[in-house]
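Descriptive analysis of the structure
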Amino acid sequence: MEKKQLSLPLKPEELETLRAGQQVELTGLIYTARDAAHKKIYDLLSQQETVPFTLENAFIYYVGPTPAKPNQVIGSAGPTTSSRMDKYTPLLLEHGLKGMIGKGYRNEEVKESIKRNKVVYLAAIGGTGALLSTAIREAEVVAFPELGPEAVYRLTVEHFPATVIIDSLGNDWYIQAREKFQQERSTL
Amino acid sequence: MKVIAYDHIVEQVAKLCQEANFDLGEDVISAFRQAVETERSPIGKDILLDLIENANIATENRVPMCQDTGVSVFIVELGQDCLIKGGTITSAINEGVMKGYKDGYLRHSIVNNPLTRDKSETYNSPAIIHIEMKAGDQLVIHMSAKGGGSENMSALKMLTPADGIEGVKEFILTTVENAGPNACPPLVVGIGIGGNFERCAYLAKKSLFRPIGQHHQSPIVAQLEKDLMKNMNEMGIGPQGLGGDTTAIDVKIELEPCHIAALPVAVNLNCHASRHKELRM
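Residues numbered from 1 in each chain as written. Chains lettered and ligands numbered in written order. Predicted model: local features only at pLDDT ≥ 70, side-chain atom pairs only at ≥ 80, totals over all residues.

Counting its regular elements, chain B contains 8 helices and 10 strands. Dimensions along the principal axes, computed over C-alpha positions, put chain B at roughly 55 × 50 × 40 Å. Going through the 281 residues of chain B one by one, you find that 48% of them count as buried. Considering only residue pairs separated by 6 or more positions, chain B has 81% of its internal contacts joining residues 24 or more positions apart. (Helix = DSSP H or I, 4+ residues; strand = E, 2+ residues; numbered from the N terminus. Buried ≥ 20, exposed ≤ 12 C-beta atoms within 10 Å, placed from the backbone. Contact = placed C-beta atoms within 7 Å.)

Written out as structure tokens, the structure reads:
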């Protein structure tokens, strides 16, 4: 299947033309953050304090990698379950976050916020951390080093594969893909 | 009386933890290959092929197949005529886990206190260890590296006798439905029926240690496993929840006697990275 090439950061018109179900490959800078980092970012934003990296136009990848071996840029680095970040996500989107990469469902509040802020939610293939790490060229801890695997890393990725799950119109590919498959299957 | 040195167990367990994370079992890989043949969704097929490629990279480069290298769960069959010299089996296993995870660059994923979320100071431990006493002098250690995402979507329900088999089926299928893409399908679904509240959860976990494709020895239970798998694969969830035939690659049931008032059911979901290894001494 044809994969749309995306160079980060994305222009608003590029973001808004992405559609649920599209296969994409990301090249550029993304930040990592999962549960513990989200809590810290959320608390800082709630207290009007500065977050130690810029959320404006950023993409966040929900991942807690394994430690890098001596010859590696990063260890295995596949997506973790996104719904655990739902509580924090709308506030991050209001502060300029433009994209999230994870796996699994988002709640209605997050979907509404994705639509309102015209951003995008992508999924990478869960459980393929060894394969996905080959698309990561550089990795540097930029915030909360005390969190270990949950620290915020800035990653340079090349052709990082993902699927658009929720687009800026609020279409949800988890719902649509399943309906589409069930319909097609009934005709097979 | 057989005597096994404590340090020997530490070394062997450390090796087992790394092998579980680097080398996906042939049983799982052949289930993927089989699913590639039957999967009718093109993206579903691509995902299954990626899972095979990922497993190959992990084995070749000695890296974990998934960044969630899991909580280490052990089922130990300890023969009554087997003596561990130099310490307890529990501490030998925990020491082996710490060593295996640290030296193998596996992730430390354990918090000491679930409420304060303080990180445990012992690398990826304590492990969850179940000991079953056996006759004879053998020591068999079964290990599973169990991911958190699929564990989170697992569920337990105290049904009543009136709910019957239909109620049991409904609860199992609802659990899989609710998990959708979150538990990283294609799934291995472990089911415990009977016992009591905590026992049925253990049975569900224990069933996940059986090789993929090995059905329950009772033909009636084996049939129930097959029927449930058919139902799951008709849901259309598919690999990674992106639509497809392959929602589950295996369904496993363990049963035990229970109270006349009870019908406990536990569903322990496992992601496609079903990492289980065995060590015999």
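So, on to the domain arrangement of chain B. Residues and elements named next belong to chain B. For chain B, the assigned domains are domain 1 (2-20 + 65-146) and domain 2 (149-274). In this assembly, 9 residues from domain 1 lie in contact with 8 residues from domain 2. For the side of domain 1 that touches domain 2, the secondary-structure elements that each account for two or more residues are β2 (71-79) and β5 (139-146). At 3 residues, β5 tops the list of elements feeding residues into the side of domain 1 that touches domain 2. In terms of residue class, the side of domain 1 that touches domain 2 is built from 4 nonpolar, 3 polar and 2 charged. (Domains from an automatic or database assignment. Nonpolar A, V, L, I, M, F, W, Y, C, P; charged D, E, K, R; others polar.)

Looking now at helix α1 (residues 6-22) of chain B. The terminal C-alpha atoms of α1 of chain B lie 25 Å apart, and with 17 residues this matches the ideal 24 Å at 1.5 Å per residue to within 8%. For α1 of chain B, the set of buried residues is I9, V10, V13, A14, L16, C17, Q18, A20, N21 and F22 of chain B. (Expected span 1.5 Å × (residues − 1).)

Before going further, it helps to examine the sheet that holds strand β9 (residues 263-270) of chain B. Residues and elements named next belong to chain B. Strand order in this open sheet of 4 strands is β6-β9-β7-β8, and the pairing throughout is mixed. At either margin of the open sheet sits one strand with a lone partner, and together these are β6 (155-159) and β8 (248-258). On average, adjacent strands in this sheet sit at an angle of 15 degrees to one another, irrespective of strand direction. Pairing analysis gives 6 bridges linking strand β7 (residues 187-195) to β9, with the strands arranged antiparallel. In the sheet register, G192 faces β9, and the bridge partner there is A266. Seen against the sheet, helix α7 (residues 197-207) touches β6, β7, β8 and β9 and runs at an angle of roughly 145 degrees to β7. (Pairing = 2+ DSSP bridges. Axes fitted to C-alpha atoms, helices over the stretch in contact; angles between N-to-C directions.)

Right, let's talk about the sheet that holds strand β10 (residues 275-280) of chain B for a bit. All names here are of chain B. The 4 strands are arranged β4-β2-β5-β10 in an open sheet whose pairing can be described as mixed. Bordering the open sheet on either side are β4 (128-134) and β10, each of which pairs with just one other strand. Strand-to-strand twist across the sheet, computed as the mean angle between neighbouring axes with direction ignored, equals 15 degrees. Against the sheet, helix α4 (residues 89-103) contacts β2 and β4, and its axis sits at roughly 145 degrees relative to β2.

With that settled, consider unusual backbone geometry. Note that the residue after L8 of chain A, namely P9 of chain A, is joined by a cis bond; omega there is 0 degrees. The step from P185 of chain B to P186 of chain B runs through a cis peptide bond, and the omega angle for that step is 10 degrees. Along the chain, P186 of chain B falls in the loop between α6 (164-179) and β7. Residues other than glycine seldom take positive phi values, yet K118 of chain A does so here, at roughly 50 degrees. For K118 of chain A, the position within the fold is in the loop between α4 (108-116) and β5 (120-123).

The biggest cluster of nonpolar side chains holds 103 residues, and the ones touching the most others in it are I60, L122 and I165 of chain A together with V189 of chain B. Per-element tally for this core: the top contributor is strand β7 (residues 152-166) of chain A, with 9 residues. Formed by 25 residues, the second largest nonpolar core is a distinct cluster that contains I9, C17, A127 and I141 of chain B. (Core = buried A, V, L, I, M, F, W, Y, C linked by C-beta atoms within 7 Å.)

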